[in-house]
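The lines below spell out each chain.
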Amino acid sequence: MSQEPTNAAAPHGISLDQTRKIARLARLALTDAELAKAQLELSAVIGYVERLRELDLHGVEPLAGVSGAIRRGELDEPGRMLPVEALAKMAPAMQDRFLAIPKVLDEGGGA
Amino acid sequence: MSQTPQSIIEIRDAVLARRLSAVEVTKASLAAIERENGRINAFTQVCAKAALENAARVDARVAAGETPALAGVPIAIKDNMCTGPDFATPGDGLGYAGFTTCASRILEHYASPFTSTAVQRLIDAGAIIVGKTNLDEFAMGSSTEHSIFGATRNPWDVGRVPGGSSGGSAAAVAAGLVPLALGSDTGGSIRQPAAFCGVFGLKPTYGRVSRYGLVAFASSLDQIGPITRNAGDAALALEIMGGKDPLDGTTSRHDSPRLAQMDPHDREPLRIGVVRQGRSGANHPGVAAALESTIAQYVKLGARVVEVDLPLIDHGIAAYYIVAPAEASSNLARLDGVRFGRRATLAPGEGLEELYARSRGEGFGAEVKRRIMLGTHVLSSGYYDAYYNTALKVRRRLLGDFERAFEACDAILMPSTPGPAFRIGEKTGDPIAMYLEDVYTVTVNLAGLPGLSMPAGLAEVDGRMLPVGVQLVGRAFDEPRLLSIARRFERATDWHTKRPG
């Protein structure tokens, strides 16, 4: 039932360049070996899900979630907030009361 | 816990009657964990000191005349549910349960500042958290092998997986370490391990139990549910956990079902719908035998058995492996190395994008990366309609098929899994073979319905007896009837009393 990962040349196979682009979009730094493996595995899974195309789905409304009994139109009540100290404690790097990240803007401020 | 009662209702009654103290019950559970956990690796963290302190508090509540519904019941929590600093203390002898790791490098040292609603409701009812249980990283998997803590082993055969992703919870209950453990179920993660470990697992209707504090995998599918030894215990746990929560806007306004509504002596006529596609020739003979004997048992109990069709069951897996990764790729975007979790060390000249990509690349395991990439691909420009939107249309059709089936029956019966527990390492090299483990469970999540797995047989595999489960699915918010149908089966059979070894 399953496809061998070597089946990457299937019609819906994903190329190495595409795999690299997906990893970039997903903000995942991968090694070359990981990229090569991801290419094969993604191609196999995409090849598998292609079977949905054999169904006649004309006129079917997409269903993103089941919500028959779910509350609607109720206002959110402002609740207790976590103290800044609790949030700061979770952060990997802080500078004063702020989360520290690498510099985003070049010297001179041009983005 | 050999000398203490095994069911949560019996424990609660004994503690309220002062025949046993919460401290005694908790000590017995901790001793069992110390004895057995090295063999099965069910726990990621154990909090002995905090558990005993909390047990003493419960004893004080009982002495003061309170009657908490779970007084002194030791419980374990899947390690993807936030447990705040309230119940655990640092420097605990057996390990500090203050972390919520998701079995991931990226959250290895994450201490949540708050507690999930479902867990808090159990604590308020007098339950004692003894520790947190192992899972497939971020609940993505069917074997509890993808964990930074190593694989959990099936108490029935330690060469085999306990199922997943709530494998630690199922193994802990099966081995008698706790009578109740929480799992989460996005595509079968409560029911499949319950089946593999010979215990009872319930995935409630979507919206029944608050997801607040459950680390999100696929938000339109995830539900928290109980893993127990029997249907009555699961019913009590659901009664306490369920119901509206202002902190989760998707919780239903339906009241939590009352245990008393779930009457095992129920004489109401029963109609059981057997899924034609569930009687597949691809099932293991032990699964086929358990299914047929369950049908025969219900006939003996006076049920009318009808055949129902779920024609798209084989397409369910394909739809699920589009919808779930799509939602996961979005949910897991919050793990970026900035606000919490692991941050990668950057080389000189590297900037914010490298911080994100390197923290995530180092922090996530292979299966999580695979699903994030799959989700990113199916949502990306040019592919969204072909994959994601198509899967959502299939989801609509699946829900319609269930609704049609329920015109002819009160509960739907099919296998929980195609076979009993597989060997450790058997499927890790083949993602699709692993995904197909969920063939009977994912459609229930896509339709948002309640489903349970109950022990229904034993299968001989390589000279050892392994448990087999069957699955019952109910109408949305019809857990009282679903659980009472399960209890009628339990009253007539003894599969739920079988233990490993």
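To be clear, the structure that these remarks concern was listed above.
Participant: I'm lost on the overall build of chain B in this one. Help?
Facilitator: Summing up its helical and strand segments, chain B has 15 helices and 11 strands in all. Its C-alpha atoms give chain B a radius of gyration of 21 Å, near enough to 23 Å, the size a compact globule of 501 residues would have. For chain B, the C-alpha atoms occupy an extent of roughly 75 × 60 × 50 Å along the three principal directions. Here chain B, with 501 residues, has 63% of them falling under the buried criterion. Restricting the contact set of chain B to residue pairs at least 6 apart, pairs at least 24 apart contribute 77%.

Participant: Before we go on, may I ask you to explain the overall build of chain A in this structure?
Facilitator: When helices and strands are tallied, chain A shows three helices and two strands. Listed by position from the N terminus, the elements making up chain A come as α-α-α-β-β. Residues classed as buried in chain A amount to 18% of the 111 residues present. Counting contacts in chain A only where the partners sit at least 6 residues apart, residues at least 24 apart contribute 59% of the total.

Participant: Looking at this structure, I do not really get the packing of helix H2 (residues 32-49) of chain A against helix H9 (residues 313-331) of chain B. What am I missing?
Facilitator: Packed helix pairs are characterised by how far apart their axes lie and by the angle those axes make with each other. For the pair H2(A) and H9(B), the least separation of the axes is 9 Å and the interaxial angle reads 125°. Relative to H9(B), the element H2(A) lies oblique. Note that H2(A) runs across H9(B); the crossing there is left-handed. Residues Val45(A), Tyr48(A) and Val49(A) of H2(A) form the contact with H9(B), whose participating residues are Ala318(B), Tyr321(B) and Ile322(B).

Participant: How should the sheet that holds strand S5 (residues 200-203) of chain B be read in this particular structure?
Facilitator: Sheets are built from strands that pair by backbone hydrogen bonding, the pairs being arranged parallel or antiparallel. Residue and element names in this part refer to chain B. Reading across the sheet, the 11 strands line up as S1-S3-S2-S4-S6-S5-S10-S11-S9-S7-S8 and stay open at both edges, with mixed pairing between neighbours. For this open sheet the edge positions go to strand S1 (43-46) and strand S8 (304-308), each flanked by a neighbour on one side alone. The mean angle between the axes of side-by-side strands here comes to 30°, regardless of whether they run parallel or antiparallel. As paired strands, strand S2 (residues 74-78) and strand S4 (residues 180-185) are joined by three bridges and run parallel to one another. Looking across to S4, one finds that Ala 76 is bridged to Ala 181.

Participant: Sorry if this is basic, but what is going on with the nonpolar core here?
Facilitator: Within soluble globular proteins, side chains that are nonpolar generally end up buried alongside one another. Ile75(B), Ile128(B), Val130(B), Ala172(B) and Ile322(B) are the most contacted members of the largest nonpolar core, which has 178 residues in total. For this core, the element with the most residues is H9(B), which contributes 11 residues.

Participant: What is the right way to look at the pairing of strand S10 (residues 451-461) of chain B in this model?
Facilitator: A regular strand places its side chains on the two faces of the sheet in alternate fashion. Residue and element names in this part refer to chain B. Two strands pair when backbone bridges link them, and S5 and S10 are joined in this way by three bridges, in the antiparallel orientation. Each bridged residue has a counterpart across the sheet, and for Lys 203 the counterpart in S10 is Gly 451. In the sheet, S10 pairs with strand S11 (residues 464-473) via 10 bridges, with the strands oriented antiparallel. Across the sheet, the residue bridging to Leu 452 is Leu 472, located in S11. The turn joining S10 and S11, which pair antiparallel and follow one another in sequence, is formed by two residues; a positive phi near 50° is taken by Asp 462.

Participant: Looking at this structure, I do not really get unusual backbone geometry. What am I missing?
Facilitator: What you tend to see is this: most non-glycine residues have negative phi, and most peptide bonds are trans. All names here are of chain B. Cis geometry marks the peptide bond from Gly 164 to Ser 165; its omega dihedral reads 10°. Structurally, Ser 165 is set in the loop between strand S3 (128-133) and helix H5 (167-174). The backbone phi angle of Ala 139 is positive, close to 70°, even though this residue is not glycine. One can find Ala 139 in the loop between S3 and H5.

Participant: What is the right way to look at the interface of chain A and chain B in this model?
Facilitator: A common measure of how large an interface is: the accessible area buried when the components associate. The partner chain B presents 61 residues to the 44 residues of chain A that form the contact. Only helix H1 (16-25), H2 and helix H3 (84-90) of chain A provide two or more residues apiece to the side of chain A that touches chain B. Here the element with the most residues in the side of chain A that touches chain B is H2(A); it accounts for seven residues. Here the residues of the side of chain A that touches chain B are counted per class, giving 34 nonpolar, four polar and six charged.

Participant: Sorry if this is basic, but what is going on with the environment of Ser147(B) here?
Facilitator: Residues and elements named next belong to chain B. Its place among the elements puts Ser 147 in the loop between S3 and H5. Judged by C-beta crowding, with 26 C-beta atoms within 10 Å, Ser 147 ranks as buried. The spacing of Ser 147 and Thr 443 is 296 residues in sequence and 26 Å in space, taken between C-alpha atoms.

Participant: It is not clear to me how the packing of helix H2 (residues 22-40) of chain B against helix H3 (residues 48-63) of chain B should be interpreted in this structure. Could you clarify?
Facilitator: Residue and element names in this part refer to chain B. Look at H2 against H3: their axes get within 8 Å of each other, and the N-to-C directions meet at 155°. Between H2 and H3, the crossing angle belongs to the class labelled roughly antiparallel. Considering how the two elements wind past one another, H2 and H3 form a crossing that is right-handed. The residues of H3 that touch H2, namely those facing Ala 22, Val 23, Thr 26 and Leu 30, are Ala 48, Ala 51, Leu 52, Ala 55, Ala 56, Val 58 and Asp 59. For the contact of H2 with H3, a count of residues per class yields nine nonpolar, one polar and one charged.

Participant: What am I meant to see in the pairing of strand S9 (residues 411-415) of chain B here?
Facilitator: Residue and element names in this part refer to chain B. Counting buried positions along S9 yields five of five residues, so the element is predominantly enclosed. Sheet analysis places strand S7 (residues 271-275) next to S9, joined by three bridges and oriented parallel. Each bridged residue has a counterpart across the sheet, and for Val 274 the counterpart in S9 is Leu 413. In terms of strand pairing, S9 meets S11 through four bridges, oriented antiparallel.

Quick notes on the rules
Residues numbered from 1 in each chain as written. Chains lettered and ligands numbered in written order. Predicted model: local features only at pLDDT ≥ 70, side-chain atom pairs only at ≥ 80, totals over all residues. Helix = DSSP H or I, 4+ residues; strand = E, 2+ residues; numbered from the N terminus. Rg over C-alpha atoms; globule rule 2.2 N^0.38 Å. Buried ≥ 20, exposed ≤ 12 C-beta atoms within 10 Å, placed from the backbone. Contact = placed C-beta atoms within 7 Å. Axes fitted to C-alpha atoms, helices over the stretch in contact; angles between N-to-C directions. Parallel < 35°, antiparallel > 145°, perpendicular 65-115°, else oblique. Left-handed = near helix turned anticlockwise from the far one by under 90°. Pairing = 2+ DSSP bridges. Core = buried A, V, L, I, M, F, W, Y, C linked by C-beta atoms within 7 Å. Nonpolar A, V, L, I, M, F, W, Y, C, P; charged D, E, K, R; others polar.

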